[in-house]
Amino acid sequence: MSAPVKVFPAWIRRAWPSGAAFAEVKALLSGLELHTVCQSAHCPNHSECWGRRTATLMVLGNVCSRHCTYCAVHSGKPEALDQAEPDKVAEAVARLGLKHTVITSVTRDDLPDGGADHIGRCIEAIKERCPETTIEVLVQDFNGDRAAIARVLAAGAEVFSHNIETVERLHPRMRDRRFSYRGSLQVLKTARELAPERILKSALMLGCGETEADIVACLKDLLEHDCDAVSLGQYLQPTPKHHEVVSFLPPEEFQRYERIAYDLGFNFAVAGPFVRSSYRSEELLDAPFARARLSAAPSVARASSPAPQESAHEN
Amino acid sequence: MRIEVPLPSLGEEEDAVRGGTIALWHVEEGATVQEGGDLLELNTDKAAFVVSAPVSGRLVEKRVSEGDEVSVGDILCVLET
Ligand code: SF4
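Residues numbered from 1 in each chain as written. Chains lettered and ligands numbered in written order. Predicted model: local features only at pLDDT ≥ 70, side-chain atom pairs only at ≥ 80, totals over all residues. Heavy atoms only, no water.

Peer 1: It is not clear to me how the interface of chain B and chain A should be interpreted in this structure. Could you clarify?
Peer 2: Accessible area lost upon the coming together of the parts serves often as the stated size of an interface. Every contact between the two is made by 32 residues of chain B and, on the other side, 29 residues of chain A. Across the interface of chain B and chain A, roughly 2700 Å² is buried in total on both sides, 54% from carbon and sulfur atoms. Joining chain B to chain A, the criterion identifies 1 salt bridge. Between R13 of chain A and E41 of chain B there is a salt bridge, with the nearest N and O atoms lying 2.7 Å from each other. Where chain B meets chain A, there are 8 residue pairs in polar contact (both at pLDDT 80 or more). Sort the elements by how many residues they give to the side of chain B that touches chain A and strand β5 (residues 48-52) of chain B lands first, with 5 residues. The class makeup of the residues in the side of chain B that touches chain A is 14 nonpolar, 8 polar and 10 charged. Taken together, the 3 bridges between strand β1 (residues 13-15) of chain A and β5 of chain B define a ladder with parallel strand orientation. The residue of β5 of chain B that forms the bridge with R13 of chain A is A48 of chain B. (Contact = heavy atoms within 4.5 Å. Buried area = accessible area lost by both parts, 1.4 Å probe. Salt bridge = Lys/Arg side-chain N within 4 Å of Asp/Glu carboxyl O. Polar contact = N/O pair within 3.5 Å; in protein donor to acceptor, adjacent residues only side chain to side chain. Helix = DSSP H or I, 4+ residues; strand = E, 2+ residues; numbered from the N terminus. Nonpolar A, V, L, I, M, F, W, Y, C, P; charged D, E, K, R; others polar. Pairing = 2+ DSSP bridges.)

Okay, here's the thing in structure tokens:
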């Protein structure tokens, strides 16, 4: 039975989930039949985040229509939509007493709008039930569909995120071929055109074989496409079948990239081995620029009814 | 009282992490450990994880060794409180 034991660098170490708060979150979410990216992506922060009673809800099911080589979420033929999901999501947010939440989803190329309306309804349901709760929505690329992006924006989540995930050179190797590096940048640009005041965020995994020049070029591309905030974390291989980890960057390297991101002009940057786009995502909203944005567009924070018009909640 | 310590479950759903490989024991048989103290380390494919003691007690029996594959629910050791 004694296969050679894999050795991780000393800093790639987390607590195994346990404890009362973790159990409570687990029971509540499975009772409501909700999925989380914490669980589906085998996130190493699972214990800490659930212990702090936060979780990232993954809507539109737990089967993705795309297949990226780094991702643990199952791909295949997605199931029918759970029409009660918006209510269940709002119920979970209310019962967990969340002040901030992240909503993400699998990609649904099988749905005409990519699931944008369903995501919008989830956001609206939370806003109605918990008007004080701030929301980050982390979306797929919707194949660039402007109307789908507008639908999600109109629901009024304070932060709109789309992850570039990896640098341009590694994009074809890491991501499903239906994603493209330029297409992902354009999602952010489109969101900015539709919602000039919205906080736009993206995230990048490091340790996949990228160079410093690759990373800097990617950060500049994000800035040129009007991204406000970026998070950088260590890529970790979910199973031996997934893309390999090329390097484990020490924590100091992440700090250096965080500084580089600020120097290049990001309004907010966070980097660290265990930083994920949803890890301590609420800290972004405490940044001075974010507070200024939210007070400039107070209707975003208080959106309560579906907006039929694009960007109706802006300005 | 003797308490069997299982590897805590992360969730019943099929996409949850189901276990890992024992990497290292932090406590020897006969030694005591405090509630919340480090018991052992376990590797999943993604990272190393520290499993902590659910109660304070003396470790009377290790049921798994370094290199063993364990699943959630498997008994890792017995603690005497
Ligand atoms: S970092 Fe995000 S995905 Fe990971 S456990 Fe925390 S909330 Fe869940």
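Peer 1: Would you take a moment to explain the pairing of strand β11 (residues 268-272) of chain A for this structure?
Peer 2: Moving residue by residue along a regular strand, the side chains alternate between the two faces of the sheet. Residues and elements named next belong to chain A. Most of β11 is tucked away: 4 of the 5 residues are buried. The sheet contact formed by strand β10 (residues 229-234) and β11 spans 5 bridges and is parallel. Following the sheet pairing, L232 is matched in β11 by A271. In this fold, the crossover linking β10 to β11 by way of helix α10 (residues 251-264) has right-handed handedness. (Buried < 20%, exposed > 50% of the residue type's maximum accessible area, 1.4 Å probe, protein only. Right-handed = clockwise from strand over helix to strand, strands pointing away.)

Peer 1: So what exactly am I meant to see when it comes to the sheet that holds strand β2 (residues 19-25) of chain B here?
Peer 2: The pairing of strands in a sheet happens through backbone hydrogen bonds and is either parallel or antiparallel. Strand order across the open sheet formed by 5 strands is β1(A)-β5(B)-β4(B)-β2(B)-β7(B), with mixed pairing between neighbours. The open sheet terminates on both sides in strands that have one partner only, identified here as β1 of chain A together with β7 (69-71) of chain B. Neighbour-to-neighbour, the strand axes of this sheet turn through a mean angle of 40 degrees, independent of strand direction. Looking at chain direction, strand β4 (residues 38-43) of chain B and β5 of chain B are connected through 5 bridges and run antiparallel. Following the sheet pairing, L42 of chain B is matched in β5 of chain B by F49 of chain B. (Axes fitted to C-alpha atoms, helices over the stretch in contact; angles between N-to-C directions.)

Peer 1: I'm lost on the pattern of salt bridges in this one. Help?
Peer 2: Any two side chains of opposite charge can pair, on the condition that their charged atoms come close. All names here are of chain A. Tallying each qualifying case throughout the model produces 36 salt bridges over all chains. A salt bridge links R280 to E48; the nearest nitrogen and oxygen atoms lie 3.4 Å apart. On the criterion of sequence distance, the pair formed by R280 in the loop between β11 and α11 (288-296) and E48 in helix α3 (residues 46-51) is long-range, its members being 232 residues apart. Through salt bridges with shared partners, one network takes in R66, D109, D141, D176 and R178.

Peer 1: Sorry, what's going on with unusual backbone geometry here?
Peer 2: Glycine aside, a negative phi is what most residues show, and trans is what most peptide bonds show. Residues and elements named next belong to chain A. Despite not being glycine, E33 has its phi angle at roughly 55 degrees, a positive value. As for its position among the elements, E33 is in the loop between α1 (20-31) and β2 (35-36). A positive phi is found at R280, a non-glycine position, where the angle reads about 50 degrees. Residue classification places R280 among the partly exposed positions, given a relative accessible area of 34%.

Peer 1: Would you mind showing me how to read the site of the ligand here?
Peer 2: Residues and elements named next belong to chain A. Around the ligand, a shell composed of V37, C38, C43, N45, H46, C49, T56, R276, S278 and Y279 is seen. Listing elements by their share of the shell around the ligand, those giving two or more residues are α2 (37-40) and α3. Taken together, the residues that form the shell around the ligand break down as 5 nonpolar, 4 polar and 1 charged. (Near = heavy atom within 4 Å.)

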